[in-house]
Amino acid sequence: MKEVAQIGVAADEDGIRLDRWFKRHFPALTHGRLEKLLRTGQVRVDGARAKANARLEAGQTVRVPPLGEEAAKPAPKPERALSDKDAAFVRSLVIHKDKSLIVLNKPAGLAVQGGTKTERHLDGMLDALTFEAKERPRLVHRLDRDTSGVIVLARSAKSAAALGRAFQQKDARKIYWALVVGTPAPLQGTIDLALAKQGGPRAERVSPADIGDEDAQHAVTHYSVVTSVSTKFAWVAFMPLTGRTHQIRAHARAIGTPIVGDGKYGGITAHPGGEIPRQLHLHARSIDIAHPDGGRFFIEAELPPHMKKSWKLLGLEERDAEGAFDGLER
């Protein structure tokens, strides 16, 4: 790319950040170089200077200066080999679809994104969920591999930007159901406990942070006991107000009631034996979020088979969770 280009913002890019727009069109352009181009006014939006976090609007024009042959290379088309079986599988997870978003009920055991030794994951199957749209849907939040339940996908850049803002501004009310060992005391409350990753920033396990820990992340979770089963188990509803890695799992352990099946945080205590399955008993039950097209959007996801089995064994009734957080502020 040896000349200045004037590129229009497409309809499906309405609301996207300027830096993400460049990442989409010119993935080889480094963030550092983009920032320099912005500082020196070489990149402009409708003739005006702009910052990396500026939100674009459909119909605007982005001035792109000469980037050089390497930085101007378009994004390579990923080679994805999606089997008919996996395509049918991921489509079977859809519990809601409209023009702006798709909602899945993710099963326990399915990773959301790839990683070391993780070749089969949700992100690798999203081409099967394009339906009538021109592009594959985008992940806007995550769930742990072993956590089941609601996961929302955006069907366009505009929807992804709107949903991203909702999560960043804490305008998403997520409720999780869990079976824990023991019963929290008091029966309803808020866990305000900062967490830090153990073993460096790329580590997955977290623990309560020490005072003054520079790596600590603020973490707050509302909880409410729905039903206690003798002194051995309790069905607890959790409402995280922040979105830290393993937040609910670490907070449940911190108050002395690890989630059933969570050997990572609860050790042997989390595996009580008997007929209760050994799988993690944590389910993203519902989400209430601002819909990209206006208004509120609410949806619930059915319990996974292993939790249904435990609920039946313990005589738990799903309707008992209604109003679990009455009396607790968001």
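Residues numbered from 1 in each chain as written. Predicted model: local features only at pLDDT ≥ 70, side-chain atom pairs only at ≥ 80, totals over all residues. Heavy atoms only, no water.

Trainee: If you had to explain unusual backbone geometry to someone new, which residues and values would you point to?
Mentor: A negative phi angle is the norm for most residues apart from glycine, just as the trans form is the norm for most peptide bonds. Geometrically, the link from Ala-185 to Pro-186 is a cis peptide bond, its omega value of 0 degrees lying close to zero. Along the polypeptide, Pro-186 turns up in the loop between strand E9 (172-181) and strand E10 (188-192). Residue Asp-46 is not a glycine yet carries a positive backbone phi of 50 degrees. Positive phi values are uncommon outside glycine, yet Ser-230 reaches one of about 50 degrees. Turning to its location among the elements, Ser-230 is positioned in the loop between strand E13 (220-229) and strand E14 (233-240). (Helix = DSSP H or I, 4+ residues; strand = E, 2+ residues; numbered from the N terminus.)

Trainee: Give me the packing of aromatic side chains: which residues, what numbers.
Mentor: Applying the stated criterion across every chain yields a total of five aromatic pairs. Each ring, one from Phe-22 and one from Phe-26, has its centre 5.9 Å from the other, and the planes form 40 degrees; the classification is tilted. Both rings, one in Trp-235 and one in Trp-311, keep their centres 5.3 Å apart while their planes meet at 65 degrees; by these two values the pair is edge-to-face. Within this pair, whereas Trp-235 is found in strand E14, its partner Trp-311 is found in helix H7 (residues 305-314), the two being separated by 76 residues in sequence. Under the relative-accessibility criterion, Trp-311 is labelled buried at 3%. Chaining the aromatic ring pairs together yields one cluster made of Trp-21, Phe-22 and Phe-26. When the ring centre of Phe-131 is taken as reference, the NZ or CZ atom of Lys-97 above it lies at 5.0 Å. Directly above the ring of Phe-89 sits Arg-120, whose terminal nitrogen or CZ lies 4.8 Å from the centroid. (Phe/Tyr/Trp six-rings, centres within 6.5 Å; stacked < 30°, edge-to-face > 60°. Buried < 20%, exposed > 50% of the residue type's maximum accessible area, 1.4 Å probe, protein only. Lys NZ or Arg CZ within 6 Å of the ring centre and 35° of its normal.)

Trainee: Tell me about H7, residues and numbers included.
Mentor: For H7, every residue scored as buried is listed here: His-306, Met-307, Ser-310 and Trp-311. Taken end-on, H7 shows its buried residues confined to a sector of 140 degrees, consistent with a single buried face. Along H7, exposed side chains directed more than 90 degrees from the buried face belong to Pro-305 and Lys-312. As for H7, its buried residues are in contact with E9, E14 and strand E15 (282-290). At the C-terminal side of H7, Gly-315 shows a positive phi close to 70 degrees. (Arc of directions from axis to C-beta. Contact = heavy atoms within 4.5 Å.)

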